[in-house]
Amino acid sequence: MPPLLTEIPAPHFNLLLTLESGQTFHWHPHGAGWVGTIGDRPVFIEQRKNSLWISKGADPLVKHYFALDHPLEKIYETFPKDPNMAAALDFCSGITVMQQPVWECLATFITSSMKQVAHIRQMSLAIRKTFGEPIVYPGFELHSYPTPERLAAATEQQLRDCKLGFRAKNLLGTARMIASGEIDLEAIRFMDDEAALAELCKLPGVGEKVANCVLLFAYGRLRAFPIDVWIERVLREMYFKGKRKVTVEKLKRFSSEYFGPYGGYAQQYLFHHARKTYRSTSNS
DNA sequence: CTCCAGGTTCCGG
DNA sequence: CCGGAACATGGA
């Protein structure tokens, strides 16, 4: 076990569920905990009951990254009271919507289109290893996520070698627009949700779904509601069963109202619940 | 082998 | 405006 750990309180938080909920893709199991990077720092983190034991000095980073200040109990009170939401909450209680570095989150979700979580992880780790800076942690080869400038200087073929396929062109194009200053990720912080969404969608490979993931997982816009294949399935089966001609537009309008001010939380819980229970309950 | 995966973009009607 | 197809790759 790593030396020099600090204990910080984390009531209501569930580290295992949060790391497995498809928000981030680069953490490695280590002993009873995990090793990974937050920004350019190596961090060990392990949960014991209502506490986290983390690398000494990493408190501020960990608290922010895992959003330990989110008032989960109050957030749950805002969820709609229906059987589907109740089942998802029961299954996912303790998951936080994380606050990841913006560029890292954006780049990772650009590579996520039409990919399973396991594949996203492979691509993410390959990009880090190929282009990122080595980060020292005994027993692991950690790397930072490469900057937009670093990826902007890469070739499309180098990115394809990281198994990105057609996504390589999108990630490269986005990295170049950000490195050149054409799009300013920091300026987006000060925009309202609608303007921020539109700005992100100017980037190649970024549509509404990816943009909403970035708004939710990196910009802390907890109302953002990404609709992917899983959520679309859940919405149609749970809330529009048997209805004809339910357009995606209809689903968007419904979910933006129905799930309330913490719609992004509701979405994340519905997503994780559906993904983990689909095969075992729907058919076999 | 076939199907599908935390989509986006472009094209024809 | 709309539905459909192309786009790469690898688990299940």
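Described in the following lines is the structure provided in the data block. (Residues numbered from 1 in each chain as written. Chains lettered and ligands numbered in written order. Predicted model: local features only at pLDDT ≥ 70, side-chain atom pairs only at ≥ 80, totals over all residues. Heavy atoms only, no water.)

Considerations on the protein's contact with DNA strand C
Lining the immediate environment of DNA strand C, one finds Lys 115, His 119, Gln 122, Arg 160, Lys 163, Gly 165, Phe 166 and Arg 167. Sugar and phosphate atoms represent 67% of those atoms of DNA strand C found within 4 Å of the protein. Gln 122 places a side-chain nitrogen or oxygen 3.0 Å from a phosphate oxygen of DNA strand C. Note that a sugar or linking oxygen of DNA strand C is positioned 3.4 Å from one of the backbone N or O atoms of Phe 166. (Near = heavy atom within 4 Å. Polar contact = N/O pair within 3.5 Å; in protein donor to acceptor, adjacent residues only side chain to side chain.)

Details of the packing of helix H13 (residues 229–239) against helix H14 (residues 248–258)
Running from N to C, H13 and H14 point in directions that differ by 80 degrees, and their axes come no closer than 11 Å. The orientation of H13 relative to H14 falls into the category roughly perpendicular. Residues Glu 232, Leu 235, Arg 236 and Tyr 239 of H13 form the contact with H14, whose participating residues are Val 248, Leu 251, Phe 254, Ser 255 and Tyr 258. Taken together, the residues of the contact of H13 with H14 sort by class into six nonpolar, one polar and two charged. (Axes fitted to C-alpha atoms, helices over the stretch in contact; angles between N-to-C directions. Helix = DSSP H or I, 4+ residues; strand = E, 2+ residues; numbered from the N terminus. Parallel < 35°, antiparallel > 145°, perpendicular 65-115°, else oblique. Contact = heavy atoms within 4.5 Å. Nonpolar A, V, L, I, M, F, W, Y, C, P; charged D, E, K, R; others polar.)

Focus: the protein's contact with DNA strand B
Residues in contact with DNA strand B amount to 26 residues; listed here are only the nearest, Gln 116, Val 117, Gly 207, Arg 233 and Gln 267. Atoms of DNA strand B within 4 Å of the protein belong to the sugar or the phosphate in 58% of instances, the rest to bases. Between DNA strand B and Gly 22, the relevant distance is 2.8 Å, taken from a base nitrogen to a main-chain nitrogen or oxygen of the residue. Met 114 places a main-chain nitrogen or oxygen 3.2 Å from a phosphate oxygen of DNA strand B. The set of elements that each furnish at least two residues to the surface near DNA strand B consists of helix H12 (208–217), H13 and helix H15 (263–281). Of the residues forming the surface near DNA strand B, the biggest block, four residues, is contributed by H12. The class makeup of the residues in the surface near DNA strand B is twelve nonpolar, nine polar and five charged.

So, helix H11 (residues 193–200)
For H11, every residue scored as buried is listed here: Ala 196, Leu 197, Glu 199 and Leu 200. One face of H11 carries all of its buried residues, which in axial projection span an arc of 165 degrees. Those residues of H11 that are buried are in contact with helix H10 (185–188) and H12. Regarding H11, its N-cap is Asp 192, as a side-chain oxygen of that residue lies 3.1 Å from the backbone nitrogen of Glu 194 further along. (Buried < 20%, exposed > 50% of the residue type's maximum accessible area, 1.4 Å probe, protein only. Arc of directions from axis to C-beta.)

Points about the pattern of salt bridges
Under the criterion given, the structure shown has eleven salt bridges. A salt bridge links Glu 141 to Lys 129; its shortest N-O distance comes to 3.7 Å. In this pair, Glu 141 sits in strand E7 (residues 140–143) while Lys 129 sits in helix H6 (residues 117–131), placing the two residues twelve residues apart along the sequence. Like Lys 129, Glu 141 is exposed. Two residues, Lys 252 and Glu 249, come together in a salt bridge whose shortest N-O distance is 3.2 Å. A residue pair is termed a helical-turn pair when its members lie 3 or 4 positions apart in one helix, as Lys 252 and Glu 249 do in helix H14 at three residues. Given the relative accessible area of 26%, Lys 252 is considered partly exposed. Taken together, the shared-partner salt bridges connect Glu 156, Arg 160 and Lys 169 into one network. (Salt bridge = Lys/Arg side-chain N within 4 Å of Asp/Glu carboxyl O.)

A closer look at the pairing of strand E4 (residues 41–48)
Note that strand E3 (residues 33–38) and E4 share five bridges and pair antiparallel. Bridge assignment links Thr 37 to a residue of E4, and that residue is Pro 42. The hairpin turn running from E3 into E4, its antiparallel successor, is two residues long, and Gly 39 in that turn takes a positive phi close to 65 degrees. Bridge count between E4 and strand E5 (residues 51–55): four bridges; the pairing is antiparallel. Across the sheet, residue Glu 46 finds its bridge partner in E5, namely Trp 53. Adjacent in sequence and paired antiparallel, E4 and E5 are bridged by two residues, among which Lys 49 carries a positive phi angle near 55 degrees. (Pairing = 2+ DSSP bridges.)

Examining the packing of aromatic side chains
Under the definition given, this model contains 20 aromatic pairs. When the centroid spacing of 6.0 Å and the interplanar angle of 45 degrees are considered together, the rings of Trp 27 and Tyr 65 count as tilted. On the criterion of sequence distance, the pair formed by Trp 27 in the loop between helix H1 (15–19) and strand E2 (28–30) and Tyr 65 in helix H2 (residues 59–65) is long-range, its members being 38 residues apart. By the burial criterion, Trp 27 is buried, and Tyr 65 matches it. Put simply, the rings of Phe 225, Tyr 239, Phe 240, Phe 254, Tyr 258 and Phe 259 pair up and form one aromatic cluster. Its guanidinium or amino end placed over the ring of Phe 166, Arg 167 lies 4.2 Å from that ring's centre, counting from NZ or CZ. (Phe/Tyr/Trp six-rings, centres within 6.5 Å; stacked < 30°, edge-to-face > 60°. Lys NZ or Arg CZ within 6 Å of the ring centre and 35° of its normal.)

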